[in-house]
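Each chain is listed here by its residues.
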Number of protein chains: 4
Amino acid sequence: MTLTKTTSPLATFDRVESRVRSYSRSFPKMFDKAVGATIYDTSGKAYTDFLAGCSSLNYGHNDPDLKAALIEYVSADGIAHGLDMFTDAKEHFLANFEQYILKPRGMNHRVQFTGPTGANAVEAALKLARKVTGRNNVISFTNGFHGVTLGALAATGNGKHRAGASTPLSGVTRAAFDGYYGPEINTADLLDHQLSDPSSGVDAPAAIIVETVQGEGGLNAASKSWLQQIEKIARKHGALFIIDDIQAGCGRTGGFFSFDGMGLSPDLITMAKSLSGMGLPLAVTLIKPEHDIWKPAEHNGTFRGNNHAFITAAAALEKFWADDSFATEVAKKAEYLADRLGAIADEHDLGIKGRGMMLGVDAGSGEHAAAICKTCFTKGLIIETSGSFDQIVKVLAPLTISTEQLAAGLDTLEAAFDAVMGLHRAAAE
Amino acid sequence: MTLTKTTSPLATFDRVESRVRSYSRSFPKMFDKAVGATIYDTSGKAYTDFLAGCSSLNYGHNDPDLKAALIEYVSADGIAHGLDMFTDAKEHFLANFEQYILKPRGMNHRVQFTGPTGANAVEAALKLARKVTGRNNVISFTNGFHGVTLGALAATGNGKHRAGASTPLSGVTRAAFDGYYGPEINTADLLDHQLSDPSSGVDAPAAIIVETVQGEGGLNAASKSWLQQIEKIARKHGALFIIDDIQAGCGRTGGFFSFDGMGLSPDLITMAKSLSGMGLPLAVTLIKPEHDIWKPAEHNGTFRGNNHAFITAAAALEKFWADDSFATEVAKKAEYLADRLGAIADEHDLGIKGRGMMLGVDAGSGEHAAAICKTCFTKGLIIETSGSFDQIVKVLAPLTISTEQLAAGLDTLEAAFDAVMGLHRAAAE
Amino acid sequence: MTLTKTTSPLATFDRVESRVRSYSRSFPKMFDKAVGATIYDTSGKAYTDFLAGCSSLNYGHNDPDLKAALIEYVSADGIAHGLDMFTDAKEHFLANFEQYILKPRGMNHRVQFTGPTGANAVEAALKLARKVTGRNNVISFTNGFHGVTLGALAATGNGKHRAGASTPLSGVTRAAFDGYYGPEINTADLLDHQLSDPSSGVDAPAAIIVETVQGEGGLNAASKSWLQQIEKIARKHGALFIIDDIQAGCGRTGGFFSFDGMGLSPDLITMAKSLSGMGLPLAVTLIKPEHDIWKPAEHNGTFRGNNHAFITAAAALEKFWADDSFATEVAKKAEYLADRLGAIADEHDLGIKGRGMMLGVDAGSGEHAAAICKTCFTKGLIIETSGSFDQIVKVLAPLTISTEQLAAGLDTLEAAFDAVMGLHRAAAE
Amino acid sequence: MTLTKTTSPLATFDRVESRVRSYSRSFPKMFDKAVGATIYDTSGKAYTDFLAGCSSLNYGHNDPDLKAALIEYVSADGIAHGLDMFTDAKEHFLANFEQYILKPRGMNHRVQFTGPTGANAVEAALKLARKVTGRNNVISFTNGFHGVTLGALAATGNGKHRAGASTPLSGVTRAAFDGYYGPEINTADLLDHQLSDPSSGVDAPAAIIVETVQGEGGLNAASKSWLQQIEKIARKHGALFIIDDIQAGCGRTGGFFSFDGMGLSPDLITMAKSLSGMGLPLAVTLIKPEHDIWKPAEHNGTFRGNNHAFITAAAALEKFWADDSFATEVAKKAEYLADRLGAIADEHDLGIKGRGMMLGVDAGSGEHAAAICKTCFTKGLIIETSGSFDQIVKVLAPLTISTEQLAAGLDTLEAAFDAVMGLHRAAAE
């Protein structure tokens, strides 16, 4: 097969693609290859990728072992699409997931393949929580992001995405995330107060759904004690405790789950993004057995059996999670990252946000953050923003990035902060 | 990579997979390879696949050209996951889609990548229709199937899936599909009557969403004239006309679109299933330019840029839709299929349903249909049911199946009908 | 007390009353007294009242016995407002309702005081049906009117009122009323077909709510057999059968209930309008004992205990429903009314609508109907329109009107039809 | 008319009335007469009424002037039911409302007659706010009570009433009332924070609806500064500011409006309960002219024109609000009441709640409060509870009560506290 090269390939997008497109506006180049933390445009220019598919490429682009497994599988006419039938590839994924993830953590959750997007996993989790409890109301948090299909979108905080529904969203009550009202106010206490009051107007919840670190919402990281309290509140009020680990999971904050080591026991866990290891669409909802009361096919979807993704996911679990070495390596890099971002923040009197390899600098405004990212892109660094006002410059480098490439990328980022914030300071003076 | 073989691999599923699984209950074998219309279980037994991923594998399993394109792409470190950034692979898909699909039909729709499941495409279409019209109500049809995320599920008729929501579904008014109340009643007239009456209680619609053939709903096929009338009703009442071509599109009924040659001009079209050509997750919503009023990122999703699927989809468009030969071949097979199913139906005083290569026999009850499918499976034929009572035995063979294999599969099916319906007759006498 | 007379009293309304007002636009005079079927404006001009408070004044204005009972009660410091405490007046109403209404019909419904508007009674009925069945969906009919509070409004067909909500209305599925699609189509069959199909997309209903004659919707009168079939459908599908008898009840169609003699046994019945006998606010929901599963105060309201209304209601029950004489008299008048309206309709090639003393002529268009009513008003007759296009001229005379006054009013109406339709014919020729 | 006396009149209620009844359970006597602050049971026993129709009888039972005006009006065949036509009585009410209420306060609100229950007034206000702003979301407060029809109920906090809907309630976001989280946290700041954050998940509101004192919610009284801040927040975020003055208005807290003298300018105000002066059903929504964008009849109702209520309401306005003397008298009584309740509270280490003549004692638990009220009833005092746990003993005496009767009632209350709380203390020791 030959890829058609026209004189102006970007014109195709302008002609044929919907205006809804987003990231391509920030990075208006055409890309064709990618390896590890590097992505190339069609002119051959290399970029360091600090976006990593919004945390979908935690193991980098085209990891050689995952890629080899996939090529081997496809070459042998492995099943690509299997609906939800039993396949060798799926069995392998489940077995590895059990062996490397569930068993070491003493977990016995069952795996639901929900359709291969995070939103599908969230939709399934919310449906199931309502089915299990016979209740309708779901508690989600300020600045949370859970997807844009109507059920998931109701739980999502982002105003632009909510407005996109063009219909009222219902069934969700918003609670304040950890630290939302500042350090003085324990927002978990507020939630407990409302739920303990039969006349508060907040109906008894089917579930509380929470991200441990809000990736889209501004890298707000919940503390262990707050999360423990939220879990207790869920139990106390008869709600299922759901952790949406779609962006923060798969090693992004160090452990496989973002809540590893926190003593939490979520009833349901949603995963997607980096689960397939190579960026292929895959999503699951993990379910404690006692809640797995689905009737057959009650929630389904055509692409639940994306077997290519099972192959790369199984390989990734084996490669990265068979022992602690990867987690240890990530922890080291996270420390380095925190040091470097801390220095940048200090230099400009800014704050840092996040946890693990999910860290950013609050640039103070969306304008500054956008200018910084734009500057980075001209210097060969792909990086994006996050937060209510897109004010957080967010580093989501592949976890497998080499120390050298990470350092170099951070040098570029530091220079961009200096350039933009320096200008800003100059203008202010 | 070696796939782990345990003594009892199916036990893994029993231990680790959610009880929501469905098709694996009908076909309790573990499969590992598939080529064309044949799928193999791990014991090496071959099955003819008359399910074809619920029409996601119209070009068969692992088409050699698509497979080659994919292996070449992966081997060369082509981008796997690109969010919605411009990539070579995406450009190629869009260019081919324009050249082979849109231009020959005089269409100028824009392509929205919506997240790679049909439900995502439907969610996007319904959101956009509401945004364009400023209205909330959507008309969908009895027995329609549009996905199980909450927005799409509201438009879906199936009671089991609706109950799975465990929360009321709103924003949709149900109208009767073509022929729903028998041949005497033109259901389009009923709809027009309601919409023309300001006091009917049916609010002015944002959209009318319809499948030309209801794949899940029982292979109900709408007539050309009825569809034309529905489009006129949409125009008359200010609603967008949406065709959900997820199951019936991509050649299943002959043309690329199931409505080719019907003189229809849908405002929005949803596609998924066979779009990637090889069963990889890919979904799009096609939008007339005047309705493409999305703000950037208003609807988004992590896996919008499943570049592997772009590669196989682009190759499929080039291979099968560059000229009429494939469509002609499908038309011939469809004729043969209709003859054979007609004969089966006549033999047992049953009716046939559907259109093109999306054809089935109404076995009269779900029990009969299930027994027939079970018998087929023991004889090496994978086939499933459809309809309100799962009473339709549905043939969804790959369109690329050889005449011989199609004939042999139908022989098996015929024998199963004889066995089951004969027994039934005997019991009745 | 002296009523303030300013030089231009209507200016007060213009200054101080909301623009939402409606009937005062059709009858722009200030009224101050009313007796029987006659209402007087402040200049002393007498009008015959063929509107009768939209059927709230079935026994005429200020019936002397009801008025005497009220004056006696107030003079003796009878309790006016008693929340829902036990009062003498309430006991008297309940006892009379049991004696004159329930017992003779073999009914054992319990009476819920719901807040004194029809909408409150409907809200209570819908809540209770959902509570009893554990289901959410309610079936209501095209052109039905059940009130404008959000729960009742969802069941109401009128587009203007629905739009007034400015928020989507949910929880209700619309079915076609008797004859909605013309005489050839039995709409009850259509409903049964949908409810019998688990994949129709119409969720199992909590209730079917129906008016026997649609007062606001255009005087559409359901046949006995259709209503019986609807009741059977409700039973068959596990739904409560609710008759909204707010406008058609209290003798308007002959019997106390509009369904007297039809062999129906509604689970819930809503009543308001003429229930108090004198136009005072009073509404009830009648509940079969087995469905009376309310918890104390689960539905409440401040004005449930409008004791003045209990007094007049009790007196009305005793005066008009202790024997058959009133019903017989109404039947005779209804016959006369039908003859006269039939003659008017024949003269102008129009049709008549309705049943009993709830009869009208379809003037063919809202413009004609409005012109006819306007002409009547100048001649001292108050009469209004109904229907999807306000095209029905509706006679809702007090049931106690004298034959002479009824005849005179109909003479006026006849002349107005002649004048307006004659003009129209002339213009058309 | 003779009221039927059976041997056991209460048996009628048991036989014929729905189990939903509430207050009659606390006061299981049959009442027949009432004057001022005294209500009599049918045995002639007198009770002091500290419930006053839940603040619907602020001017006492059967005020002689109001009663005389009503008898005169009825005797003269004044119109009882006038739909929403112009009547003398209505004009008189509007003129008096303008003269005695609006003008002295520099207000130019228009009066909408909404159907004669508070819930109707709230439904109209919420609809209109949504229509004016084109937004859906309404902010209401913890422990707020606004009625039990579905639209109003969504804004109501009480869990029992919400559950009565048996369907999810939507369109409302709950904010914390003044002091809800204790004195340290300014809940208005929390609300402003959420509304200022585009990613908070709290959609831009159509309205903020608030009671200045939450009558049902536990006599929580908002401070002037908090209410001013809430109004500012409404303005800042483009929402209408609605005060629900149904229970706290009509003099209950001193001024005619509960917010008199607070420098507030609500866009919409809902009123009902004591508006008619004599407990007759009447409700209005007051609308700033710029928001009075209703189309004719967009919100309607049969009993909007309860002319008897106009007569007594007009008389009450003239009698009590023509000058300051009534307000001054109420203020004095309120001071006395506060002293007495303060003493009771101090005696038992309890707190007092409320403002003006809407004051109560927090008995610590619903059990204590119920026992206290029960004791009072045996001593001839009618009094009820309020609050999330029915723990507040609430004094809602008629504002016109004599000082002697008020003192005597409070003596009874004091004794009941002593008896119940003393026992409790004894038990605890």
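Keep in mind that what you see is a predicted model, and the values were worked out from it rather than measured.

## Some points on the sheet that holds strand S12 (residues 284-287) of chain D
Residues and elements named next belong to chain D.
Phase 1: Here we have seven strands laid out as an open sheet, ordered S4-S12-S11-S10-S7-S5-S6, and mixed in their pairing. Looking at strand neighbours, the two that pair on one side only are strand S4 (110-113) and strand S6 (172-175), the edges of this open sheet. For this sheet, the mean inter-axis angle between neighbouring strands, taken without regard to orientation, is 25 degrees.
Phase 2: Taken together, the four bridges between S4 and S12 define a ladder with antiparallel strand orientation. Counted as the bridge partner of Val111 is Leu286 from S12.
Phase 3: Strands in contact with helix H10 (residues 224-236) are strand S5 (137-141), strand S7 (205-210) and strand S10 (240-244); relative to S10, the strand with the most contacts, it is inclined by about 145 degrees.

## Here we look at the sheet that holds strand S3 (residues 46-49) of chain D
Residue and element names in this part refer to chain D.
Phase 1: The strand order across the open sheet built from four strands is S1-S2-S3-S15, with neighbouring strands paired in mixed fashion. Lying at the two open borders of the sheet, with one neighbouring strand each, are strand S1 (31-35) and strand S15 (381-382).
Phase 2: Pairing of S3 with S15 involves two bridges; the strand directions are parallel. Its bridge partner lying in S15, Asp49 is registered against Ile382.

## Points about the interface of chain A and chain D
Phase 1: On the chain D side, the residues contacting the 27 residues of chain A number 27 residues.
Phase 2: Roughly 2300 Å² of surface becomes buried between chain A and chain D when both sides are summed, with 50% attributable to carbon and sulfur atoms.
Phase 3: When residues of chain A are sorted by the area they lose upon contact with chain D, Tyr180, Tyr181 and Ser199 of chain A head the list and together hold 21% of the total.
Phase 4: In this assembly, chain A and chain D are joined by two salt bridges.
Phase 5: Counting the contacts that link chain A with chain D gives 18 residue pairs in polar contact (both at pLDDT 80 or more).
Phase 6: The set of elements that each furnish at least two residues to the side of chain A that touches chain D consists of helix H8 (159-164) and helix H9 (187-196) of chain A.
Phase 7: Here the side of chain A that touches chain D takes four residues from H9 of chain A, the largest share from any one element.

## Things to note about the relation of the copies chain C and chain D
Phase 1: Relative to chain D, chain C is turned by 180 degrees and slid 0.0 Å along the rotation axis, the superposed coordinates differing by an RMSD of 0.0 Å. Each copy turns onto its partner about a two-fold axis. Taking the C-alpha atom as reference, chain C places Leu150 of chain C closest to the rotation axis, 2.7 Å from it.
Phase 2: The overlap is high: 100% of the interface residues of chain C also sit at the interface in chain D, so the same surface is used on both sides.

## Details of the packing of helix H9 (residues 187-196) of chain B against helix H10 (residues 224-236) of chain B
Residue and element names in this part refer to chain B.
Phase 1: Where H9 meets H10, the closest approach of the two axes is 9 Å, and the angle between their N-to-C directions is 10 degrees. Regarding the angle of H9 to H10, the classification is roughly parallel. In this structure, H9 uses Thr187, Ala188, Asp189, Leu191, Asp192, Leu195 and Ser196 to contact H10, whose residues at the interface are Trp226, Gln229, Ile230, Ile233 and Lys236.
Phase 2: Looking at the contact of H9 with H10 residue by residue, the classes come out as six nonpolar, three polar and three charged.

## Some thoughts on the interface of chain C and chain D
A common way to report how large an interface is uses the accessible area buried once the components associate.
Phase 1: Each side of the interface is counted separately: chain C has 118 residues, and chain D has 118 residues.
Phase 2: Taken together, the two surfaces of chain C and chain D that pack against each other cover about 10500 Å², and 61% of this comes from carbon and sulfur.
Phase 3: Our enumeration of links across chain C and chain D arrives at six salt bridges.
Phase 4: Two residues, Glu98 of chain D and Arg15 of chain C, come together in a salt bridge whose shortest N-O distance is 2.5 Å.
Phase 5: Counting the contacts that link chain C with chain D gives 53 residue pairs in polar contact (both at pLDDT 80 or more).
Phase 6: With nine residues, the single largest contributor to the side of chain C that touches chain D is helix H5 (residues 88-102) of chain C.
Phase 7: Tallied by class, residues from the side of chain C that touches chain D come to 54 nonpolar, 35 polar and 29 charged.

## Let's talk about the nonpolar core
Phase 1: In this structure, Phe97, Phe256 and Leu413 of chain C together with Phe97, Phe256 and Leu413 of chain D are the most contacted members of the largest nonpolar core, which totals 220 residues.
Phase 2: Tyr100, Met107 and Ala239 of chain A together with Phe256 of chain B belong to the second-largest nonpolar core, a separate cluster that totals 219 residues.

## A few points about helix H6 (residues 118-133) of chain B
Residues and elements named next belong to chain B.
Phase 1: The end-to-end C-alpha distance of H6, which contains 16 residues, comes to 23 Å, matching closely the 22 Å that a straight helix rising 1.5 Å per residue would cover.
Phase 2: The buried fraction of H6 is high, at 13 of 16 residues.
Phase 3: Once H6 finishes, Gly134 follows within two positions and takes phi at roughly 65 degrees, a positive value.

## Quick word on the domain arrangement of chain A
All names here are of chain A.
Phase 1: Considered domain by domain, chain A is made up of domain 1 (15-63 + 324-428) and domain 2 (65-320).
Phase 2: Summarising the inter-unit geometry, the C-alpha centres of domain 1 and domain 2 are found 25 Å apart.
Phase 3: Tallying the contact residues gives 31 residues for domain 1 and 32 residues for domain 2.
Phase 4: Buried area between domain 1 and domain 2, both sides added, is near 2600 Å², and the carbon and sulfur share of it is 50%.
Phase 5: Area buried by domain 1 at its contact with domain 2 is led by Tyr59, Asp63 and Arg355, which between them contribute 31% of it.
Phase 6: Seen at the junction of domain 1 and domain 2, the total is two salt bridges.
Phase 7: Note that Glu216 and Lys394 form a salt bridge whose closest N and O atoms lie 3.3 Å from each other.
Phase 8: Linking domain 1 with domain 2 are 29 residue pairs in polar contact (both at pLDDT 80 or more), by the criterion used here.
Phase 9: Secondary-structure elements contributing two or more residues to the side of domain 1 that touches domain 2 are helix H3 (52-55), helix H12 (325-347), strand S13 (351-355), strand S14 (358-362) and strand S17 (392-395).
Phase 10: For the side of domain 1 that touches domain 2, a count of residues per class yields 15 nonpolar, twelve polar and four charged.

Cut-offs and rules
- Residues numbered from 1 in each chain as written.
- Chains lettered and ligands numbered in written order.
- Predicted model: local features only at pLDDT ≥ 70, side-chain atom pairs only at ≥ 80, totals over all residues.
- Heavy atoms only, no water.
- Pairing = 2+ DSSP bridges.
- Helix = DSSP H or I, 4+ residues; strand = E, 2+ residues; numbered from the N terminus.
- Axes fitted to C-alpha atoms, helices over the stretch in contact; angles between N-to-C directions.
- Contact = heavy atoms within 4.5 Å.
- Buried area = accessible area lost by both parts, 1.4 Å probe.
- Salt bridge = Lys/Arg side-chain N within 4 Å of Asp/Glu carboxyl O.
- Polar contact = N/O pair within 3.5 Å; in protein donor to acceptor, adjacent residues only side chain to side chain.
- Least-squares fit on C-alpha atoms with pLDDT ≥ 70 in both.
- Parallel < 35°, antiparallel > 145°, perpendicular 65-115°, else oblique.
- Nonpolar A, V, L, I, M, F, W, Y, C, P; charged D, E, K, R; others polar.
- Core = buried A, V, L, I, M, F, W, Y, C linked by side-chain atoms within 4.5 Å.
- Buried < 20%, exposed > 50% of the residue type's maximum accessible area, 1.4 Å probe, protein only.
- Expected span 1.5 Å × (residues − 1).
- Domains from an automatic or database assignment.

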